[in-house]
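What follows is the residue order along each chain.
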Amino acid sequence: MRRTLVLIGLVASLTACASCSVGTQNERYRLSSPSMEPTIAEGSTVTAEVVKPGAYQPRTGDVVVFEVPDTWRPAEQEPPRIYRVVAVPGDTVSCCDDQDRIIRNGTPQDEPYIRTGDGLPPDFQAVTVPPGTVYLLGDNRGVANDSSQNGPLPTANVIGVVKL
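Note on numbering: residues in each chain are counted from 1, in written sequence order. It should be noted that, the model being predicted, local features are given only for residues of pLDDT at least 70 and side-chain atom pairs only at 80 or more, the latter also being counted only at that level, while totals for whole chains, interfaces and linings use all residues. Side-chain measures here rest on the full set of heavy atoms in the structure, leaving out hydrogens and waters.

(A) Broad picture of the sheet that holds strand S10 (residues 153–154). Pairing between two strands requires that DSSP report at least two bridges joining them. Segments assigned H or I by DSSP are reported as helices when at least four residues long, segments assigned E as strands when at least two residues long, and all are numbered from the N terminus. Pairing is antiparallel in the open sheet, where seven strands are placed in the order S1-S2-S11-S3-S4-S9-S10. Looking at strand neighbours, the two that pair on one side only are strand S1 (26–30) and S10, the edges of this open sheet. In the sheet, strand S2 (residues 45–50) pairs with strand S11 (residues 158–162) via three bridges, with the strands oriented antiparallel. Across the sheet, the residue bridging to Glu49 is Val161, located in S11.

(B) Spotlight on the nonpolar core. We call a set of buried Ala, Val, Leu, Ile, Met, Phe, Trp, Tyr and Cys residues a nonpolar core when their side-chain atoms join them within 4.5 Å. Categorising residues by exposure relies on relative accessible area from a 1.4 Å probe, with only protein chains included: less than 20% of the type maximum marks a residue as buried, more than 50% marks it as exposed, and the intermediate range marks it as partly exposed. If you look at the biggest cluster of nonpolar residues, it comprises 26 residues, and the most contacted ones within it are Tyr56, Val64, Phe66, Ile82 and Leu136. Looking at this core, the elements with two or more residues in it are S2, strand S3 (63–66), strand S4 (81–87), strand S9 (133–137) and S11. Listed in part, the nine residues of the second largest apolar core include Val86, Ala87, Val93 and Val129.

(C) Spotlight on the side chain of Ser35. Here Ser35 shows up in the loop between S1 and S2. Here Ser35 falls in the buried class, since its relative accessible area comes to 3%. The term polar contact refers here to a pair of N or O atoms within 3.5 Å; inside protein, the definition further demands a hydrogen-donor-capable atom paired with an acceptor-capable atom, and it admits residues adjacent in sequence only when both atoms are side-chain atoms. Polar contacts involving the side chain of Ser35 include one to the side chain of Ser33, which spans 2.8 Å. Working rule for contacts: check all heavy atoms of both residues, and any pair within 4.5 Å makes them a contact. Discounting residues that sit within four places of it in the chain, Ser35 has contacts with Ile82, Tyr83, Gly138, Asp139, Asn140, Val143 and Ala144.

(D) View of the state of the cysteines. For the purposes of this analysis, a disulfide is any pair of cysteine sulfur atoms at a distance within 2.5 Å. On inspection of all chains with the given rule, the structure shows one disulfide. With a sulfur-sulfur separation of 1.8 Å, Cys95 is cross-linked through a disulfide to Cys96. One quick way to see it: the torsion about the S-S bond of Cys95 and Cys96 is about -80°, and its sign makes the bridge left-handed. On the accessibility criterion, Cys96 (22% relative accessible area) is partly exposed.

(E) Representation of unusual backbone geometry. Here the residue pair Glu37 and Pro38 is connected by a cis peptide bond, since its omega of 10° sits within 30 degrees of zero. Positionally, Pro38 belongs in the loop between S1 and S2. Put simply, Cys95 and Cys96 share a cis peptide bond, and its omega is -5°. With respect to the secondary-structure elements, Cys96 resides in the loop between strand S5 (92–95) and strand S6 (102–104). One non-glycine residue, Asp100, lies in positive phi territory at about 60°. Within the element layout of this structure, Asp100 appears in the loop between S5 and S6. A positive phi angle, close to 50°, is found at Asn105, a residue other than glycine.

Below is the structure:
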């Protein structure tokens, strides 16, 4: 009887442990630039929930890890980048109002997480984000090589959502 109870307990414990890892997979990424400061310091390692190819459902405010598309990168291969989603398909985004805030769908955005005072934010004309893409900006707008210079990013390139 006691052996049976121990065996049942062991099976229940193993089942519970196995179910803890089912569903989400996490990956760690290192930020090699100051583009997301002050939210994520250069050299920091972050944990991101892995997204299956093409499965990312865009949400404004998400901090995402993505593979740099050929249209964004120089000739050499580069590691994944980390930026913030500021506009999703159908949104119109532009820079900036008289207080240097980006404008999304006609409304200036309150972004308390961005670095201020380190140069001007990138100036870009109004862009309506096409289906299947997102508009990404670094929180350190003066140094980030993001959608303001490269255009919207295909959502298929998103490989993870950072857990802040």
